[in-house]
Amino acid sequence: MASSPHALHSSNSEELRKYTKFHPSLWGDFFLTYQPPTTPQSASMKERAEMLREDVRKIVKGTKELPEILNLIITLQRLGLDSYYESEIDKLLHGVYKSDCYHDNDMNLVSLRFYLLRKNGYNVPSDVFLKFKTKDGNFVDADTRSLLSLYNASYLRTRDEKVLDEAISYTTCRLQDALPHLESSLAMEVSSFLDIPLFKKVGIIEARSYIPIYEKESTRNEAILEFAKLNFNLQQLVFCQELKECTMWWKDIHTKSKLSFVRDRIVELYFWMNNACYYPTCSLSRIVLTKTTAIITILDDIFDTYGTTEECMQIAEAIYRWDESAVSLLPEYAKGFYLCLLDTFTSFEKELGLKKSYRVFYLKERMKHLVQLYCNELKWRNEDYVPTMSEHLQVTMETVGSVALTCAAFVGMGDIITREAFEWILSCPQFFKSFAIFVRLTNDLVTTQREQTGVHSPSSVHCYMKEHGTTMQDAFEKIKRLSEDSWKDMIQGSLMLEDQPRVVPRTVLDLSRTAVHMYKQCDTFTTSETLREIIKLLFVEPIPE
């Protein structure tokens with residue numbers, strides 16, 4: 001053991017200090033006292049929103065023609081209103097699926113139909129697009145809106161769907177060429193989708209972005225527009241209350257612990273988890289997810305950068321025991337944190353009540369498993385061992401936290417999530433493995449180069465380089481392809497989950513979308529200043545009426 005207790009990880013600690021000292025929390029205690037300017041009108045806003053919600057329901061029920069049905073559903077989804085009309089939308093889409101009376105030579109219509117049906121669990125074939133292929137292997141000429149619909153539909157591809165792979169390549173080139181010549185609102189949409197396709201976009205962020213665009217459309221429905229604005233602003237009030245609770249909890253942990261080295265990112269964590277569970281009925285899920293992710297972040301910072309091997313093993317043993325008596329095992333700086341961890345999970349059980357408190361057991365078991373895998377990574381690092389890609393992913397697809405966080409999301413959900421669903425989740429079926437691999441590879445693509453400055457466990461990039469004798473650039477390209485393949489596998493898996501409630505694949509895909517957003521260009525969680533503007537738009541600034 002080195003003479004200084006943390007000398008073993010001095011380079012890692014220096015790296016972490018860089019991101020905590022020079023990238024401190026941008027928000028501090030802001031949300032402890034902040035109230036959006038719409039707060040005084042909340043009662044009248046709710047009354048008006050309830051009236052508009054029913055007006056829009058009449059519109060949904062009264063829509064009969066296929067083009068109008070498809071355009072209405074995709075509009076409601078993009079505006080963040082679809083959750084209010086799930087049964088009506090299900091009925092409409094079932095009718096769309098059963099009917100073959102549509103213009104199958106209309107690229108826009110065929111693309112919208114395919115997109116909405118696959119997104120909602122219908123395993124419709126992709127060969128409907130073959131009729132749009134030309135003899136030379138390209139696609140027929142079409143207007144920009146049709147090309148954009150085909151582009152977005154193609155991202156619901158699974159493996160070996162060559163026609164969709166080709167459609168992405170073709171439409172990407174065509175849309176990029178058309179971009180300088182489009183009118184401003186369409187150009188904005190095309191540019192946004194070229195950056196992140198519609199199916200991969202985070203729902204609440206898309207709603208905030210699309211409402212101002214929809215407001216300018218000549219075909220807009222005024223009732224739908226007004227409801228979208230009111231709904232977002234009312235949700236914002238709820239989000240701010242949840243942020244206040246999470247910030248108070250975070251301050252309490254810091255008061256009782258000696259964790260000055262951890263990333264102070266509670267607002268950013270809430271933003272991240274909110275993106276995955278933004279639906280009005282998911283308040284408890286957002287809070288459980290945020291607190292659980294904060295705890296995982298602290299553990300990650302200890303195991304990856306701050307703690308000695310001995311200290312990490314002591315913390316692991318205490319978590320395996322999950323009992324207050326285990327606090328005596330811990331290094332001084334971890335004792336307060338450990339007691340807060342126990343208290344937090346106890347508070348989850350109390351919030352859930354007797355009938356649902358059993359769910360926390362499954363989350364605890366996932367946390368214990370996560371720490372066990374952290375210890376495996378620690379062993380690799382101490383032995384300077386670079387595993388094969390297969391060995392690496394067997395461990396790291398879970399140490400990225402994706403499966404534990406899915407479990408946390410389901411802890412706070414309604415009665416539709418059963419004990420059997422938790423048993424299934426903890427068995428880590430192939431659908432969850434594809435999801436976990438996607439998140440791991442997406443994370444590694446943006447964190448590998450930054451983590452060169454410290455002593456870290458090998459990333460998937462390093463493992464691929466060693467196993468195949470490639471350059472780092474070649475390894476990056478391969479990992480990108482593997483990441484996209486795992487996304488395709490998720491789509492395939494989601495279409496096969498007939499024995500699970502729809503909320504299961506929906507939540508997993510929503511968590512995957514957050515990874516797309518958070519790791520698009522860099523690790524925006526660690527270098528969180530890149531999130532400042534979007535956090536303001538979601539939680540601080542209401543949409544003008």
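Look a little higher up for the structure.
Analysis parameters
- Residues numbered from 1 in each chain as written.
- Predicted model: local features only at pLDDT ≥ 70, side-chain atom pairs only at ≥ 80, totals over all residues.
- Heavy atoms only, no water.
- Helix = DSSP H or I, 4+ residues; strand = E, 2+ residues; numbered from the N terminus.
- Buried < 20%, exposed > 50% of the residue type's maximum accessible area, 1.4 Å probe, protein only.
- Contact = heavy atoms within 4.5 Å.
- Areas by Shrake-Rupley, 256 points an atom, 1.4 Å probe, with all protein chains shown as cover.
- Lys, Arg positive; Asp, Glu negative; His and termini not counted.
- Charge placed at Lys NZ, Arg CZ, Asp CG, Glu CD.
- Salt bridge = Lys/Arg side-chain N within 4 Å of Asp/Glu carboxyl O.
- Axes fitted to C-alpha atoms, helices over the stretch in contact; angles between N-to-C directions.
- Parallel < 35°, antiparallel > 145°, perpendicular 65-115°, else oblique.
- Left-handed = near helix turned anticlockwise from the far one by under 90°.
- Nonpolar A, V, L, I, M, F, W, Y, C, P; charged D, E, K, R; others polar.
- Core = buried A, V, L, I, M, F, W, Y, C linked by side-chain atoms within 4.5 Å.
- Phe/Tyr/Trp six-rings, centres within 6.5 Å; stacked < 30°, edge-to-face > 60°.

(A) Expanded view of the overall build of the protein chain. Tallying secondary structure elements over the protein chain gives 24 helices and zero strands in all. When the backbone C-alpha atoms are referred to their principal axes, the protein chain occupies close to 75 × 60 × 45 Å. Counting across all 545 residues of the protein chain, residues that qualify as buried make up 58%. When contacts within the protein chain are restricted to residue pairs at least 6 apart in sequence, long-range pairs at least 24 apart make up 74% of them. Summed over all atoms, the accessible surface of the protein chain reaches about 23,400 Å², with 51% contributed by carbon and sulfur. For the protein chain, the distance from the average position of its 64 positive side-chain charges to the average position of its 75 negative side-chain charges is 1 Å.

(B) Structural detail: the pattern of salt bridges. Per the counting criterion, the structure on display carries 41 salt bridges. The shortest N-O distance in the salt bridge between K488 and D165 comes to 3.4 Å. One end of the pair, K488, is in helix α22 (residues 472–495); the other, D165, is in helix α8 (residues 162–178), and 323 residues separate them in sequence. K488 gets classed as buried once you look at its relative accessible area, which sits at 9%. Of the charged contacts, one joins K335 and E332 as a salt bridge, the two residues approaching to 3.4 Å between their closest N and O atoms. Of the two residues, K335 and E332 both sit in helix α15 (residues 332–352), three residues apart, roughly one turn of that helix. According to the relative accessible area criterion, K335 is partly exposed, its value standing at 24%. One connected set of salt bridges, linked through shared partners, spans R157, D165, K200, E484 and K488.

(C) Molecular detail of the packing of helix α12 (residues 266–276) against helix α24 (residues 532–539). At a closest axis distance of 11 Å, the pairing of α12 and α24 adopts a crossing angle of 65°. The orientation of α12 relative to α24 falls into the category roughly perpendicular. Where α12 crosses over α24, the two elements pack in a sense that is left-handed. When α12 is examined against α24, the residues V267, E268, Y270, F271, N274 and N275 are found in contact with a partner set consisting of I534, I535, L538 and F539. In the contact of α12 with α24, the residues fall into seven nonpolar, two polar and one charged.

(D) Expanded view of α12. Burial within α12 is extensive, with 11 of its 11 residues counted as buried. Within the span of α12, buried status applies to I266, V267, E268, L269, Y270, F271, W272, M273, N274, N275 and A276.

(E) Representation of unusual backbone geometry in the model. Unusually for a residue other than glycine, D384 sits at a positive phi of about 55°. Take D384: it is sitting in the loop between α16 (358–382) and α17 (389–399). Look at C428: it is not a glycine, yet its phi comes out positive at around 50°.

(F) Local environment of the nonpolar core. Core analysis: the biggest nonpolar cluster contains 181 residues, and F129, L299, F303 and F432 have the highest contact counts within it. It is helix α11 (residues 222–256) that contributes the most residues to this core, 16 residues altogether. One finds V461, C463, A475 and I479 within the second-largest nonpolar core, a separate group that totals nine residues.

(G) Seen up close, the packing of aromatic side chains. Taken as a whole, this structure holds 36 aromatic pairs when the rule is applied. Ring geometry for Y84 versus Y85: centroids 6.4 Å apart, planes at 65°, classification edge-to-face. When the centroid spacing of 5.5 Å and the interplanar angle of 75° are considered together, the rings of W424 and F432 count as edge-to-face. Classification of F432 by relative accessible area gives buried; the value is 0%.

(H) Molecular detail of the environment of V124. Structurally, V124 is set in the loop between α6 (107–119) and α7 (144–154). Discounting residues that sit within four places of it in the chain, V124 has contacts with Y97, F114, L117 and R118.

(I) Layout of the packing of helix α20 (residues 430–447) against α22. Taken N-terminus to C-terminus, the directions of α20 and α22 make an angle of 150°; their axes are 8 Å apart at the nearest point. Comparing the axis directions of α20 and α22 gives the class roughly antiparallel. Classified by chirality, the crossing of α22 by α20 is left-handed. Side by side, α20 and α22 meet where F431, S434, F435, I437, F438, L441, T442, D444 and L445 of the first sit next to F476, I479, K480, L482, S483, S486, W487, D489, M490, G493 and S494 of the second. Here the residues of the contact of α20 with α22 sort into 11 nonpolar, six polar and three charged.

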